[in-house]
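# Secondary and tertiary structure notes
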Amino acid sequence: MKIACTYFILTTAYFLLSITSVWAQKNGETVFKETCVACHTIGKGKLVGPDLANVQNRHQQEWIINFIKSSQTVIKSGDKYADSL
């Protein structure tokens, strides 16, 4: 009985985690299309803002997250690259 209960809990947890991951990915795609695509491409060259292909190779994740949340805060911190954008 304990094995069946453990199996059920693990299966349920795996299912919920996989749904959450898919939802988060779809949500991110929707946000990008609604908010970012007017100025950015991914692999198609610069528009108003830089091409975001391989952006993770140009900047650390923390910098990217901070810039997305508040580009002005990063610019005002004295970041020369952010200011040049």
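Residues numbered from 1 in each chain as written. Predicted model: local features only at pLDDT ≥ 70, side-chain atom pairs only at ≥ 80, totals over all residues. Heavy atoms only, no water.

### With respect to the overall build of the protein
Each helix and strand in the protein was counted, giving five helices and zero strands. Every one of the 85 residues in the protein was classed for burial, and the buried ones make up 12%. Accessible surface, the protein: about 7,300 Å² in total, of which carbon and sulfur atoms supply 63%. (Helix = DSSP H or I, 4+ residues; strand = E, 2+ residues; numbered from the N terminus. Buried < 20%, exposed > 50% of the residue type's maximum accessible area, 1.4 Å probe, protein only. Areas by Shrake-Rupley, 256 points an atom, 1.4 Å probe, with all protein chains shown as cover.)

### Structural notes on the nonpolar core
Among the nonpolar cores identified, the biggest contains five residues, and these are Val 55, Trp 63, Ile 64, Val 74 and Ala 82. Those residues in contact with Ile 64 that sit more than four places away from it in its chain are Val 55, Gln 56 and His 59. (Core = buried A, V, L, I, M, F, W, Y, C linked by side-chain atoms within 4.5 Å. Contact = heavy atoms within 4.5 Å.)

### As for unusual backbone geometry
Positioned with a positive phi, Asn 54 is a non-glycine residue whose angle comes to about 60°. In this structure, Asn 54 sits in the loop between α1 (2-36) and α2 (55-58).

### Some thoughts on the pattern of salt bridges
Per the counting criterion, the structure on display carries one salt bridge. Here Lys 33 ties to Glu 29 by a salt bridge, and the two come within 3.1 Å at their closest N and O atoms. Taken together, the residues Lys 33 and Glu 29, both in helix α1 and four residues apart, mark about one turn of the helix. (Salt bridge = Lys/Arg side-chain N within 4 Å of Asp/Glu carboxyl O.)

### What about the layout of surface pockets?
Over the atoms, a rolled probe matching the size of one water molecule traces out where space is still vacant. Empty space within the largest pocket amounts to approximately 860 Å³. For the largest pocket, the lining is made up of 25 residues, of which Cys 36, His 40, Leu 52, Phe 67 and Ile 68 are closest to its centre. Listed by contribution, the elements that provide at least two residues to the lining of the largest pocket are α1, α2 and α3 (61-69). Top element by residues in the lining of the largest pocket is α1. It accounts for six residues. Within the lining of the largest pocket, the residues separate by chemical class into 16 nonpolar, six polar and three charged. (1 Å grid on protein atoms, 1.4 Å probe; cavity = no way out; pocket = protein on both sides within 12 Å on 5 of 7 lines; lining within 4 Å. Points joined across faces, edges and corners; volume = space filled by probe spheres on them. Nonpolar A, V, L, I, M, F, W, Y, C, P; charged D, E, K, R; others polar.)

### With respect to the confidence of the model for the protein
Looking at the protein, the pLDDT average stands at 81 and 71% of residues meet or exceed 70. At the low end of the mean pLDDT range in the protein sits α1, at 67; at the high end sits helix α4 (residues 71-76), at 93. (pLDDT = per-residue confidence, 0-100.)

### Concerning the side chain of His 59
With respect to the element layout, His 59 can be found in the loop between α2 and α3. Excluding residues that lie within four positions of it along the chain, His 59 makes contacts with Ile 64 and Tyr 81.

### Examining the side chain of Thr 41
With respect to the helices, strands and loops of the structure, Thr 41 is situated in the loop between α1 and α2. What makes Thr 41 buried here is its relative accessible area of 11%. Within polar-contact distance, the side chain of Thr 41 engages the backbone nitrogen of Lys 44 at 3.4 Å. Within the local environment of Thr 41, its side chain forms a polar contact with the backbone oxygen of Gly 45, the two atoms lying 2.4 Å apart. (Polar contact = N/O pair within 3.5 Å; in protein donor to acceptor, adjacent residues only side chain to side chain.)

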